[in-house]
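# Architecture and fold: a report
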Amino acid sequence: YNSILRFETTNTGINVTGNVVSDGLVVDGDSDLNGDLDVDGHTNLDNVSIAGVTTIASNTTIGGNLTVNGTNTILNTTTYVQGGEGAAGILAIYADEGDDNADKFRFISDTDGTLKLDNYAGGSWETNIKAVGNAGVHLYNNNVEVAYTNNQGLYITNTGAAPVLRLLAPSGYDARIDLTADTHANEDNYRIEVNTDQKFRVYGKPGGNYTSFIELD
């Protein structure tokens, strides 16, 4: 065109210099693109293998499953797991290929306004922790609630035996519970302590320092 070579045949096919405008394109074999591919309309791809970097600048909708064999890094953004109408949002996390029940955990934002951490160790989903919107947190042992919080504090319940709240101090340290009432002034502070000298003490803090009021051997 205008004395410039635009189209030629070769022993392997054809060479085109410039743009190609076509109403349709059918390719039965492989295609090697050394430059950019700009697609403004809809693209239907049955199988895509990407060996390099993929940059997605806008929204991406995946109608089926997405399998990532390597590391998926998400920077400077938020990831949403959203259930459909009337359905929970579930994020499942499996270790060791998920080939054992004990490998499987999930977070589930349920339709009753709760967020749960579940495990599948027993062959069915059981709850470890449940958080309730604008309310408390519930702790479970083997799918049985054993503790919960409310606006008054922490409650231990449903243990099937005498409930126990135990403090285990490391070697060489005391075990303490501090209690503060009212305005947090010195006289509002008390301490219950099991000391390393094998004594049980109750302290007060009337003068700014803890003083033993009760001592038991």
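Residues numbered from 1 in each chain as written. Predicted model: local features only at pLDDT ≥ 70, side-chain atom pairs only at ≥ 80, totals over all residues. Heavy atoms only, no water.

## Regarding the packing of aromatic side chains
Under the definition given, this model contains 3 aromatic pairs. Relative to Y155, the ring of Y148 has its centre 5.3 Å away and its plane inclined at 5°; by these criteria the two rings are stacked. Relative to F213, the ring of Y190 has its centre 6.3 Å away and its plane inclined at 65°; by these criteria the two rings are edge-to-face. Placement of Y190 in strand β11 (residues 189–194) and of F213 in strand β13 (residues 211–216) is noted, with a sequence separation of 23 residues between them. Taking the relative accessible area as the measure of exposure, Y190 reaches 38% and is therefore partly exposed. If you follow K104 out to its NZ or CZ, it ends over the ring of Y94, 5.5 Å from the centre. Positioned above the aromatic ring of Y210 is the side chain of R191, whose terminal nitrogen or guanidinium carbon lies 3.9 Å from the ring centre. (Phe/Tyr/Trp six-rings, centres within 6.5 Å; stacked < 30°, edge-to-face > 60°. Helix = DSSP H or I, 4+ residues; strand = E, 2+ residues; numbered from the N terminus. Buried < 20%, exposed > 50% of the residue type's maximum accessible area, 1.4 Å probe, protein only. Lys NZ or Arg CZ within 6 Å of the ring centre and 35° of its normal.)

## Details of the sheet that holds β13
The sheet built from 4 strands is open, its strands ordered β10-β11-β12-β13 with antiparallel pairing. Two strands close off the open sheet at either side, each with one partner strand: β10 (175–180) and β13. Averaged over all pairs of adjacent strands, the angle between strand axes in this sheet comes to 15°, irrespective of strand direction. In this sheet, strand β12 (residues 200–204) lies alongside β11 in antiparallel orientation, the contact comprising 5 bridges. Pairing of R191 across the sheet is with Y203, part of β12. (Pairing = 2+ DSSP bridges. Axes fitted to C-alpha atoms, helices over the stretch in contact; angles between N-to-C directions.)

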